[in-house]
Amino acid sequence: MKPAPFELHRPERVEHVLSLLADHGDEAKLLAGGQSLVPMLALRLARFEHLVDLNEVQGLTGIERGDGALRIGACVRHRSLERDDAVAGAVPLLARATPLVGHFQIRNRGTLGGSLAHADPAAELPAVAVTLDATMEVVSAGGRRDVAARDFFQGTWTTALEADELLVAARYPVWDGRCGFAVEEVARRHGDFALVGVTCAVAVGDDSVSRAAVGLFGVDGRPVRATAAEAALVGAGKDLEPAELAELAQLAVAELDPPDDLHAPGWYRRETGAVLVQRALARAVGEAFDA
């Protein structure tokens, strides 16, 4: 099939993008990598009167470290995220999760901002943002605002972005010191969206865990944090027994009620999620203590 007719705009400045969004409102749609939007348009699952191509817009592709965070422009490609030394050094969890996004052809075109704004509940990059307490930089003709990742994702394909707003960058706090990170997921085939996945970050002091963050995706309409398991892990030592890890994993999924769909029943996602949490915690804790 072919998409419904639309008018294509190719602005070169953020101000022009914001003007177009202000003028056209819900009838305008932003186009970055197009790896999700173009198939939806072609199948006529979505239609818009105006497409605003962001690929020539200046200032959306930088990667900068400062003030305890790594700022990544919304139009940075997935391929850069998985290969850039600055990303690997400052936000290892993001660098490790990105290779799980689709296939290399997808990652060559797909963008960070596109993945975040698309807000697929089974996607890896929104889960990383929630796990690491990232901050979204959003602008409109009326000004600029910061949105915490936990508030940005509101449901399936739904974010806090208003019709006249543009996501320009995401800021990821840098975890310093002895840290460990892990990503685990189960998908039907390599490159498919995950049926369920886990993102995990752990920091340790001299002899115990001082900080923990555990996120799950594919189990709800948006990424979720396993806050009870995080709190229980703080203070744990290096030699966590398998039974202790299993207990933490069950705590992580205790409140989940994943949906049933044609890909997997909810009980499968919950039980598999517990297994993945146990694996991720073991890897992240071991890496942190060995750092």
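Structural data are supplied above this passage.
Described in the following lines is the structure provided in the data block. (Residues numbered from 1 in each chain as written. Predicted model: local features only at pLDDT ≥ 70, side-chain atom pairs only at ≥ 80, totals over all residues. Heavy atoms only, no water.)

### Details of the packing of helix 11 (residues 242-253) against helix 12 (residues 266-290)
(1) Moving on: In contact at an axis separation of 8 Å, helix 11 and helix 12 are set at 130° when each is read in the N-to-C sense. The angle between helix 11 and helix 12 falls in the class oblique. You can see that helix 11 and helix 12 cross each other, and the crossing is right-handed. Two secondary-structure elements touch here, helix 11 through Pro242, Leu245, Ala246, Leu248, Ala249, Gln250, Ala252 and Val253 and helix 12 through Arg270, Gly273, Ala274, Val277, Gln278, Leu281 and Ala282.
(2) Moving on: Classifying every residue of the contact of helix 11 with helix 12 gives 11 nonpolar, three polar and one charged. (Axes fitted to C-alpha atoms, helices over the stretch in contact; angles between N-to-C directions. Helix = DSSP H or I, 4+ residues; strand = E, 2+ residues; numbered from the N terminus. Parallel < 35°, antiparallel > 145°, perpendicular 65-115°, else oblique. Left-handed = near helix turned anticlockwise from the far one by under 90°. Contact = heavy atoms within 4.5 Å. Nonpolar A, V, L, I, M, F, W, Y, C, P; charged D, E, K, R; others polar.)

### Points about the nonpolar core
(1) Moving on: If you look at the biggest cluster of nonpolar residues, it comprises 39 residues, and the most contacted ones within it are Ile72, Leu94, Leu116, Met136, Phe153 and Tyr172.
(2) Moving on: Setting aside residues no more than four positions away along its own chain, Leu94 makes contact with Ile72, Leu81, Val87, Leu125, Val128 and Tyr172.
(3) Moving on: Core analysis: the second largest hydrophobic core is formed by 32 residues, Cys200, Leu240, Ala249 and Leu276 among them. (Core = buried A, V, L, I, M, F, W, Y, C linked by side-chain atoms within 4.5 Å. Buried < 20%, exposed > 50% of the residue type's maximum accessible area, 1.4 Å probe, protein only.)

### Remarks on the side chain of Glu230
(1) Moving on: Relative to the assigned elements, Glu230 resides in helix 10 (residues 227-233).
(2) Moving on: The exposure class of Glu230 is buried, given its relative accessible area of 7%.
(3) Moving on: Leave out the neighbours within four places in its chain, and Glu230 touches Ala212, Ala213, Val214 and Arg225.

### Points about the side chain of Glu184
(1) Moving on: Inspection of the secondary structure assignment puts Glu184 in strand 11 (residues 179-186).
(2) Moving on: Contacts of Glu184, omitting those with residues within four sequence positions, involve Gly197, Val198, Leu276, Arg279, Ala280 and Arg283.

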